[in-house]
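Spelled out, the chains give:
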Amino acid sequence: MTDKALPPGSGTAEDPAALAGGRIVVDGRPLPFRPGDPIAVAILRAGEQPARGGTLCLAGDCPNCLATVDGVSFVRTCQVPCRPGLRVERHPADGLPPLPSVQDSTLAEPPRHREIHVERREVEVAVIGGGRSGSAAAAQARARGRAVLVMDAADGSEVVAIYPGPTIVARTSAGMLHVHPEEIVVATGVAEIQPVCPGSHLAGLVTTRAAERLHAAGVDLGHAIAVGPPPDGVPCDPVSGRLVGFEGDEAGHVRAVVMADPATGDRRTIPCDTAVLGLGYAPRDVLARMAASGADGTGGAAEAVRVVGPAADDHPLPPAPADPSAVVCPCHQVTVVDLEGAWDRGFRELELLKRATLAGIGTCQGGACLPHVRAWISERTGTVPEPFTARPASRQITIAEAAANVHIDAFRRTPLHDEHLAAGAAMDRFGGWWRPWHYGNHLAEYWAVREGVSIGDVSTLGKVVVSGPDVVEFLERLYPCRIADIQPGRSRYALLLNERGHVMDDGMILREADTRFVLSFTSGGAANAEMWIRDWIDAWGLAVHVLDRTMSLAAINVTGPLAGRLLVRAGLADPPRFLRHAHAEVAGIPCHVMRLSFTGEAAWELHHPADRSVELWRALLELGRDLGVRPHGLQALFALRLEKGHVIVGMDTELDTTPRRLGMDWAVRMDKPAFIGRAALERTARLPDHRRLVGFTMDGPDAPVEGSPIWSAGDIIGHVTGSWHSPVLGRTVLLGWQKRTPFPESVEIDGRLAVVAATPFYDPEGRRARA
């Protein structure tokens, strides 16, 4: 993108040496090209069109020369030089280009994919555009002693985006260039106005600069008519008057220009082979519009960007398009009728009109249509609207180019991620998150929970607020337990079932007010649970509001016999009793304090704003230093929960696990008239079930690995879902599936005897958790 004229093809019709260029393959047929030819020029020289028709600018400002080049679609063929063997497939007149396939007879091989090299540079001043204004700006910056980098498409650096930072992303022949400047100067010049009138879709229409370029490249324009100022050095007949439209032949090529006398309105038709259009200029401002709001609406790049030269000038808008059938946006074939329809429906702001009609969201981001749409709105309102914000990228880039040298971790991080790393945590992936597996000594972490106090990061838990006049009715239908009798300030454990009565998730239901509840879900099931909630609210037509706070709220679990003492030190004078909750400040930080227990010891979850999580974490560690407080990871947590026999949905459960198979019938109230899964549970309750999740104990210090087969009488009857040699119990405890009746009282696991045992293994009365 530049206000400097791109170098024309070096060949002319009289230059025999120019014929030594080579051939490209266009729609499966070879076409010759001359040295220096862009693809579009070579196709035009052969008497064909590079795309579907419409006015050609040959400057990259319009969508009228798009094609698929070597398997990459939406390529501006006027900007890509020919080389021998280049494969070009023109886009269809209607619809999107087809996806390339190795079965396609026009492709000898699959699209080529290469490693994209990324070069990163830091400069003081980056100038986009190497024309007169860009060169002048660069010279001025150098005179001030500034280090300057000039980027211009004609010189091989095609800028496609400006991001906050600021950061410039450019495409080069070697790959991608990421520039980090202190200041950006946009000197991208002007684009030529495209016609919007009947027949503007025809082939054979070119702008003034395109005509100059084609003539210099030796392309025969035939009998050319110039509307507006004629191009320099190009044989053509100028015509006067107001442009009305174009007439064409059956092949879709222009055959005449229709002009009207401005005074009388009388029309005349002038035959031609080519119409050369000098209709004025508009700022080539896509990059400037991209930077104006920081590319993402934050303002992050605007302060460091200035626009100079013709790109910064105010240019008169073209006449407002009036003919109902005239195509305003060639990218999406948006007509004046489409604009009028959206306007009549109330979309009367430029941004709204753009979205309602798709005008301006095509490959050129309004490069061709924006002046006309602004003029059309101005005629109706009397005010010229500001141009809309442009979004990266200004040129179509491939996914490989966009992702070059960028590695995105699909697993999320909690606000305490860096705190865990600083504490020496070994991180692992669980439930879609990076979580600490241990901090170097999982046994010490285990004993801190059992005998002292420990803190754990449970920010990954799903946290959803539901409220509204129908919320109690909704939750009664959603969950198999009772909801109405939960008092504000109280909570209840609950299973989440699907229509088949299978366990999808579990968590807590906490009532904050008569019509407001907080629901918690497992780390891996939170997103699905939110979707499930919203779908059923919509299906039942209930007045319930949903707010997912999983990412905005962090959570820290404070657990162990000394946990209450630590919270008192942190300012929580009266920590809630078991299965109660309250809003209070802890270490000066507002928290939703929930009393529950997954570890088997007294435990409080502190749900708090994510941006204050590090502050709270550090305060708890400092306040509990003399109590021996230390963080615990998943390895210790899984061991603690196993001693209590707590189920982890997704680890201990299977896709068709029911409450009965888990031994959790107590969590289902079949005397409720209706809830999701009730009909299936009622039907299957009368049927024999050969599967149970049960507890086992065995002697010896070595716990079998999870997944180990469970044997009985020489047959595999199940598998282990969790195992741990319990220091506090002095034996190995396990959870596992038995899938054959009658259920044996003892089995063989890892070549050793294991005995079926009731759960919980540790503190079966739950006194420690309620202490």
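Residues numbered from 1 in each chain as written. Predicted model: local features only at pLDDT ≥ 70, side-chain atom pairs only at ≥ 80, totals over all residues. Heavy atoms only, no water.

A. Summary view of the overall build of the chain. Tallying secondary structure elements over the chain gives 18 helices and 41 strands in all. Over its C-alpha atoms, taken along the principal directions, the chain stretches across nearly 100 × 65 × 55 Å. Residue burial in the chain is summarised as follows: out of 771 residues, 53% are buried. Restricting to contacts in the chain with at least 6 residues of sequence separation, those with at least 24 account for 64%. Where the 78 positive side-chain charges of the chain centre and where its 91 negative ones centre are 5 Å apart. (Helix = DSSP H or I, 4+ residues; strand = E, 2+ residues; numbered from the N terminus. Buried < 20%, exposed > 50% of the residue type's maximum accessible area, 1.4 Å probe, protein only. Contact = heavy atoms within 4.5 Å. Lys, Arg positive; Asp, Glu negative; His and termini not counted. Charge placed at Lys NZ, Arg CZ, Asp CG, Glu CD.)

B. Here's a closer look at the sheet that holds strand β26 (residues 462–467). The strand order β27-β28-β29-β26-β30 describes an open sheet built from five strands, whose pairing is antiparallel. The sheet is open, and its two borders are formed by β27 (491–497) and β30 (545–548), each paired with just one other strand. Between one strand axis and the next, the sheet turns through 25° on average, direction left out of account. Note: β26 against β30, four bridges, orientation antiparallel. Each residue of the ladder has a partner; that of Val466, found in β30, is Val546. Where helix α11 (residues 471–478) meets the sheet, it contacts β26, β27, β28 (503–513) and β29 (516–521), and its direction lies at approximately 30° from that of β29. Packed on one face of the sheet, helix α12 (residues 526–540) meets β26, β27, β28, β29 and β30 and runs near 170° to β30. (Pairing = 2+ DSSP bridges. Axes fitted to C-alpha atoms, helices over the stretch in contact; angles between N-to-C directions.)

C. Geometry of the packing of aromatic side chains. One pass over the full model with this rule turns up ten aromatic pairs. Counting every residue linked through ring pairs, the aromatic cluster contains Phe474, Trp532, Trp536 and Trp540. When the ring centre of Phe388 is taken as origin, the NZ or CZ atom of Lys354, which lies over that ring, is 4.2 Å away. The aromatic ring of Trp376 is capped on one face by Arg380, whose charged end is 3.7 Å from the ring centroid. (Phe/Tyr/Trp six-rings, centres within 6.5 Å; stacked < 30°, edge-to-face > 60°. Lys NZ or Arg CZ within 6 Å of the ring centre and 35° of its normal.)

D. Geometry of the environment of Ala147. One can find Ala147 in the loop between α2 (132–143) and β7 (148–151). Through-space distance from the C-alpha of Ala147 to that of Pro181 is 9.7 Å; in sequence the pair is 34 residues apart. Here Ala147 is in contact with Val123, Glu124 and Val125, once residues within four sequence places are set aside.

E. Main features of the nonpolar core. Counting residues in hydrophobic clusters, the biggest one holds 28 residues, and the most contacted among them are Ile128, Met151, Ile162, Ile168 and Val179. Secondary-structure elements contributing two or more residues to this core are β6 (117–128), β7, β8 (158–163), β9 (167–172), β10 (175–186) and α4 (286–292). Membership of the second largest hydrophobic core comes to 27 residues, among which are Met427, Ile455, Leu567 and Leu627. (Core = buried A, V, L, I, M, F, W, Y, C linked by side-chain atoms within 4.5 Å.)

F. Up close: the sheet that holds strand β33 (residues 589–595). Judged by pairing direction, the sheet is mixed, and its six strands sit side by side in the order β32-β33-β34-β31-β25-β35 without closing on themselves. Where the open sheet ends on each side, the last strands, each with one partner, are β32 (581–586) and β35 (630–631). On top of the sheet, helix α14 (residues 613–623) reaches β25 (454–457), β31 (553–559), β32, β33, β34 (603–609) and β35; it is set at about 15° to β31, its chief contact.

G. Highlighting unusual backbone geometry. In this model, Gly165 is joined to Pro166 through a cis peptide bond whose omega is -5°. Inspection of the secondary structure assignment puts Pro166 in the loop between β8 and β9. Between Thr759 and Pro760 the backbone carries a cis peptide bond, its omega angle lying at 0°. Within the element layout of this structure, Pro760 appears in the loop between β41 (752–757) and α18 (767–770). One non-glycine residue with positive phi stands out, namely Phe74, at about 60°. Checked against the element boundaries, Phe74 lands in strand β4 (residues 72–76).

H. Spatial organisation of the pattern of salt bridges. All told, the structure shown has 47 salt bridges when counted by the stated rule. Of the charged contacts, one joins Glu48 and Arg29 as a salt bridge, the two residues approaching to 3.0 Å between their closest N and O atoms. Residue Glu48 is located in the loop between α1 (39–45) and β3 (66–69), and its partner Arg29 is located in strand β2 (residues 29–33); the two are separated by 19 residues in the primary sequence. Residue class for Arg29 comes out partly exposed when judged on its relative accessible area of 38%. Note that Asp715 and Arg740 form a salt bridge whose closest N and O atoms lie 3.0 Å from each other. With Asp715 in strand β38 (residues 715–726) and Arg740 in the loop between β39 (731–738) and β40 (746–749), this pair connects stretches of sequence that are 25 residues apart. (Salt bridge = Lys/Arg side-chain N within 4 Å of Asp/Glu carboxyl O.)

I. Molecular detail of the packing of helix α5 (residues 336–344) against helix α6 (residues 350–357). Two numbers describe how α5 lies on α6: the axes approach to 10 Å, and their chain directions differ by 120°. One way to sum up the angle between α5 and α6 is to call them oblique. The handedness of the crossing between α5 and α6 is right-handed. Residues Asp338, Leu339, Ala342 and Trp343 of α5 form the contact with α6, whose own contacting residues are Leu353, Ala356 and Thr357. (Parallel < 35°, antiparallel > 145°, perpendicular 65-115°, else oblique. Left-handed = near helix turned anticlockwise from the far one by under 90°.)

J. The arrangement of the side chain of Ser200 in detail. Tracing the backbone shows Ser200 in the loop between β11 (190–192) and β12 (205–207). At 3.0 Å, the side chain of Ser200 forms a polar contact with the backbone oxygen of Cys197. Here Ser200 is in contact with Gly54, Thr55, Pro195, Leu205, Phe246 and Val327, once residues within four sequence places are set aside. (Polar contact = N/O pair within 3.5 Å; in protein donor to acceptor, adjacent residues only side chain to side chain.)

K. Examining helix α3 (residues 208–216) more closely. For α3, the set of buried residues is Thr208, Ala210, Ala211, Arg213 and Leu214. On its buried face, α3 sits against α1, β11, β12 and β18 (274–277). Following α3 by one or two positions, Gly218 adopts a phi angle in the positive range, close to 85°.

L. The side chain of Arg435, seen in detail. Turning to its location among the elements, Arg435 is positioned in strand β24 (residues 433–438). Buried charge without a salt bridge: Arg435, with Asp457 as the nearest opposite-charge side chain at an N-O distance of 6.4 Å. Excluding residues that lie within four positions of it along the chain, Arg435 makes contacts with Ala426, Met427, Asp428, Phe430, Asp457, Val458, Thr460, Ser523 and Leu634.

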